[in-house]
Amino acid sequence: MLGRRSETLAFRRSKRQGLTMNVTERYHRSDIPCAAASCTRCPRNAEFAKQGIGMLQAPGTILVPDASVVSRYIEVLEQGDNVLENIVFCQTVMDALDRRNRTRTMRNVRRIAADTRRRAVVFANEVFSETLEKARGPTAVERDMRAVLRAAQWYKRHLGKETRVLLLTLKDLYMEGDDDDLGGRVEICRMDEFIGRHCPVLKPHFDSVTAATADGDMDITALTPAQYAAARLQAKAHGEFGRHLSSDEIAEGLRSGELVRGKIRIMQRTHGVVERTDGLPSIEVVGRAGLNRACSGDAVVVRLLGHGEAAAQDADGAENDDEEVSDHEDDLADAGDEPGAEQTQAATVRGVVVGVAQRSWRPYVATLQADDSGGARHLAVPVDVNVPKIRIHYLDTSVLESQYFVVAIDTWPADSQYPQGHFVRMLGPVSSLDTQIDAILVERQIATSQKTLRFSEAIMREMPEDSREHPWGPSGADLEGRRDLRDWLVFSIDPKGCVDIDDAMSMRRVDGDGGGFEFGVHIADVAQFIAPGTAADQEARARGTTVYLADRRFNMIPEVLSEHVCSLHENVDRLAVSVVWQLDEDLNVRDVWFGRSVIRSACELSYEQAQAMLDGRSGGLAENLEPRVLESLVELTSAMRVLRQRRMEAGALELASTEIKFGFDEVTSEVTELSTKKSLEVHRVVEEAMVFANAAVARRIHEAFPQSALLRRHRSPTGERFDRLVRAVASRGFAIDCSSNAALARSLQTISRERADDPDLVFLAKSMATLAMQEADYFATGSCEVPAFAHYGLALDFYTHFTSPIRRYADVVVHRQLIEAIAGTHDGVVASQQWVNDTAAGLNERNRQSKLAQRESAELFQSRYVAQKAGHEPLVCDGVVAEIRTNGLIVYVPQLGLRGPVHLRDALKERIKLPLSAITARVADADELVDGCEGFSVEPTSLSIHLPSSRPGERVLSFSTFDHVRVLVRVQDSGRRRPQVYLTIVGRPYSKSSKQPLSAKSKNGSVAGRQQGGGWAEELVADPADAPRCAVASLGADSHFYAVVEKFAALSVLETSCDIQQL
Amino acid sequence: MSRQELLSPEGLRVDGRRPNELRRISCRASVLSSADGSSYYEQGNTKVLVAVYGPREPRQRNPALATEQAQINVEFNVAPFSTSERRRRSKGDKRLLEVAAFVRQTFEGAVQRSVYQRSQIDIYIHLLQNDGGTLEACVNAATLALVDAGISMVDYVCACTAGFVEETPVLDLCGVEEAAVETPDLTVAIMPRNGSIALLQMESRLHVSKLDDVMDLAIEGCKHIHTKLDNAVLAAANDLAEKLSH
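First, a word on scope: everything that follows refers to the structure included in this document. Because the structure is predicted, anything quoted here is derived from the model rather than measured. (Residues numbered from 1 in each chain as written. Chains lettered and ligands numbered in written order. Predicted model: local features only at pLDDT ≥ 70, side-chain atom pairs only at ≥ 80, totals over all residues. Heavy atoms only, no water.)

## Some words on the overall build of chain B
The helix and strand inventory of chain B stands at 4 helices and 9 strands. The helix and strand sequence of chain B, counted from the amino end, reads β-β-β-β-α-β-α-β-β-α-β-β-α. For chain B, the proportion of its 246 residues judged to be buried stands at 52%. Across chain B, the fraction of contacts at a sequence separation of at least 24, relative to all contacts at a separation of at least 6, is 68%. Surface summary for chain B: the accessible area is close to 11,600 Å², and the carbon and sulfur share equals 49%. (Helix = DSSP H or I, 4+ residues; strand = E, 2+ residues; numbered from the N terminus. Buried < 20%, exposed > 50% of the residue type's maximum accessible area, 1.4 Å probe, protein only. Contact = heavy atoms within 4.5 Å. Areas by Shrake-Rupley, 256 points an atom, 1.4 Å probe, with all protein chains shown as cover.)

And the structure:
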């Protein structure tokens, strides 16, 4: 309860107002809990636990870092995942950071506290009446230290003898025997001794941070408040960049409307676009001075420019480019950017960055660009092209040659060209596959390395036992309260070789009163084994999803659950959550039942087996089993056909999809095959069943939890994304109606019907429609109105993810909500809208990162495959021009399923680099350039080069979208960034049917008919739902796809994938 | 907890209160002997002094304006030292006039004006320190002063502010919370006996679905304030009784 009230007087000095006095009041209370899991004396501990805050573990060792440690070594605290746990951050420390405007450090502390696995809490000791430190002198720093000491002593007294409390500090001001009279004996430990003694694994990192911050002012206790205030007023305004405004000035500017907040995206290193949160048009920021040290992804504050200032900026801008030139490598894999980007500058709003509200810095993987002058200050070049180079200190650079290592950025002072950072740790040699995988994991923030992705001891202890001697089976207690469906005919259909089976179906006809069907979908009951709040649950929530890379996967839950105990294998009893519908003859739902059940799957079918059975061939099952399964399967298929048709009529979209599968040699882990996935009817049957189940569960949990149900929505695309599609199709004489999903679906169907002779156009239209889509995301129902719940792509009003709890955490949450909905209870954290919102935001981010990681790993293996093949003999393939770019082309090679750049002009637009092989069609001429090319013009749909007049024959060589070309595929391995595939043109472009080179005249005729919008900048990532569940991809009998793929050569223009399940 | 976090994940606000707690309220009636009724009201660090004169002869003897009901006239003054930065406001400042108009409208509904025909009741409000919630403090203090002046009222008028921070309704915003750019700030004044609303004012934006929760919280706060005001009136009455009995 509220106790005494105290008033504090504080003086602030600011430029405008001079010295002002501020009076703040504070209420002291006695109900601040200690946040220790085992403590029963603090009544509010239960609330903390319910909120999902990670509780301290007592008895144990509790660390209490003081302001000096937190401000200087926040990074060591952050990165010490598995080692530094049980931390108490005192409010004193947070206030001290706040007074020094260390907002980023405060956010990092909050992030550590928010990660439940770290068991870190923020303790409100300034407000707690028992830890009140009244005496104010002699200095503010000493007063803060005493306050922290008091808090530590209180913890010691409160939690008793078995708990050790360590106060970490950098200073010697504490005296050991300070506290005996109150019975709390706190151990005071210097940070360097502590690291050396208790966590030596962090010592290298600790040392590097010490070195990096030695001359800086990271330690806030080093300066007194007066010194700090004086230093800030004399902020260095000289140097390359303008000063960033203080938070007061920013708040004032935001209120008056002079400044605007938004998120910045930087392209081409000097050109940034700020997206505003309130939906007003984006602001352009041009030039390094204008960008003012902002990095892509930061939340920035921008000042809008009037016309006069904008013009002046343009005039200055020209001079700055000299710096950029020296940085720019001649990149063979750089085909430039979308054309037409420069033309849209007409009337946009311009601005300059005057402050950064939130930095999006993270650990980066980089290689070294050594400082040849012999100094110790080198540049780390990040693998991610959009990140600026970082200056680091490192003495022995020979160790870092051609190695990947992780760096972090500390600051970017106004007078420095590059941000300053420091070395964090080594990853390994660039050429090693494992290092490349680690690099992907670090860049996507999935894990610090593959080793840390193993499950910890604590988690494995919570797992049920399942071994050969004691195979797991449901016990009596498990079976209580479950509906026994073991006598039902249940079967599952999954990719061949799949071991983590999370869904099974059952379908049977019902005789008597009206007939109809009893259709059931049974999902593995993962929530039974992963209780909320346990270590396994926290880990799964932090991971969010199973990460699929091209050749391996990192599971969300331990294999003992995902592959054995939860997986619905055949002929064993398994626990499940079932949805059973009673349908009438017309497949309308009469009744639906949700609940926990126990099933015994009769067989695990593969997709190919099931399709074979539907086609009338044998599926290879036992004699007494096959006819029954066949009957069920046939009924299921016809029912799902009807349901799918209904959804199509309601406006569900059927979009284009291609996916690449890799085949590996197990011994050498070399890539042996690249193939595309076939889509069978049975895939669609299973999809439809899952969609039906997801939709039903979504409605049910929304009923029970109107504010906090976890659903999935897909917002309709905005008008401008469709413009390209409309324009492109209009050029062929069709109209597309984008007003609603039903209208769009009908338009696409019309096109597929009437132009069945040109599968090219049909596929293209569908791909463009796919690219115009927004991403689907998770959300809590309380955060928006009911109409906003809709799923555009599936044409459903309510949708969620329910059917794959083994590989997605969202499904686990939905399971828990469903079970509570059935039981009618509202306990637990799943009822809290705040928790569900936070979780949804986290899951959306994790999903995005894992998709990017999957794409990057696919690119990695593609380049390895190409490197292997090209090693034996030159790899020349047929390709289709997919996009035109300012300095070259993007060509799609269907045989390899990859898109590669063709570099035709260098980055500064000075030299035209046309390879001789383009004219002579001889591979040997690929590296020779044609001298004296005269013109280079780029249109949205074509690119033309004027050949030198000395050459005989045609004067103009031009490429349009959809031209076929032959290309030489090679890999550029600079040792610095990831090896990249690049293409060189061999021979002139030819038309599909005649294979004759296209002359300029005939091209003009066909160009008019082929004006499509260029530049599909985004790609959707292949959905890993089915194929890469198995480590080794299966190769069908017709593994030589080239013959088949050649027919669709012009079809497979884009590497897009849109699996309905992923929506 | 800090300037950046208006509501920490542990449920504590900048000054250590929880979302549903009021600041300390301290109020006294009869502080000025020269006025007919007066009060001094403190809510947290917001301090208001009110003097009530009336009912008395209306100053403007305009027959057109002569009504059967009393006229309420409110003047609102903000001391230049009330904020951390010394700033003088002119008398005609729009914001001051607006607050005065709100208070006047509120009490036109609460005071039984037909009892005092052809008279004028003056309420002079002085804001001595501003730390958020000025309108609520003015209304509460004016109620107390009117009661002290013995003017017939239908009921007390108790006001309270509430806002919405981090998806949680919070009661009684202090200065730091009000100044934050995104905090909606709702002031509600009710007459506790029948719960009718005398004043409802908000300047920022709040989604309509959240309005119910925020208003309910504010009304709860009003009821607590009613108790405080009542105690202050009793205390003043006791004082008076003691003086008279000697």
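Next, the rest of the story.
## A closer look at the sheet that holds strand S5 (residues 120–129) of chain B
All names here are of chain B. Taken in spatial order, the 5 strands make up an open sheet running S1-S2-S3-S5-S4, and their pairing is mixed. Every interior strand has two partners, whereas the edge strands, strand S1 (25–29) and strand S4 (71–78), have only one. Strand-to-strand twist in this sheet, taken as the mean axis angle between neighbours without regard to direction, amounts to 15°. Here strand S2 (residues 37–43) runs beside strand S3 (residues 46–56); their pairing, made up of 7 bridges, is antiparallel. Bridging from a neighbouring strand, Gly37 pairs with Val52 of S3. Here helix H1 (residues 94–110) sits on the sheet and contacts S4 and S5; the angle it forms with S4, its principal contact strand, is near 145°. (Pairing = 2+ DSSP bridges. Axes fitted to C-alpha atoms, helices over the stretch in contact; angles between N-to-C directions.)

## Digging into the packing of H1(B) against helix H2 (residues 134–148) of chain B
All names here are of chain B. The N-to-C vectors of H1 and H2 enclose an angle of 45°; their axes lie 10 Å apart at closest approach. Taken together, the axes of H1 and H2 are oblique relative to one another. Where H1 crosses over H2, the handedness of that crossing is right-handed. On the side of H1, the interface is formed by Val99, Phe102, Val103 and Phe107, while H2 contributes Leu135, Cys138, Val139, Ala142, Thr143 and Leu146. Counted by class, the contact of H1 with H2 contains 9 nonpolar, 1 polar and no charged residues. (Parallel < 35°, antiparallel > 145°, perpendicular 65-115°, else oblique. Left-handed = near helix turned anticlockwise from the far one by under 90°. Nonpolar A, V, L, I, M, F, W, Y, C, P; charged D, E, K, R; others polar.)

## Side note on empty space enclosed by the protein
Left-over empty space is what a probe sized like a water molecule reveals as it rolls over the atoms. For the coordinates displayed, the defined rule picks out 4 cavities of 30 Å³ or more. One number sums up the size of the second largest cavity: a volume of about 70 Å³. Looking at the second largest cavity, it is lined by 13 residues, and the ones nearest its centre are Ile32(A), Pro33(A), Phe48(A), Val122(A) and Glu10(B). Top element by residues in the lining of the second largest cavity is strand S5 (residues 120–123) of chain A. It accounts for 3 residues. Taken together, the residues of the lining of the second largest cavity break down into 11 nonpolar, no polar and 2 charged. (1 Å grid on protein atoms, 1.4 Å probe; cavity = no way out; pocket = protein on both sides within 12 Å on 5 of 7 lines; lining within 4 Å. Points joined across faces, edges and corners; volume = space filled by probe spheres on them.)

Just distances and angles here, no functional claims.
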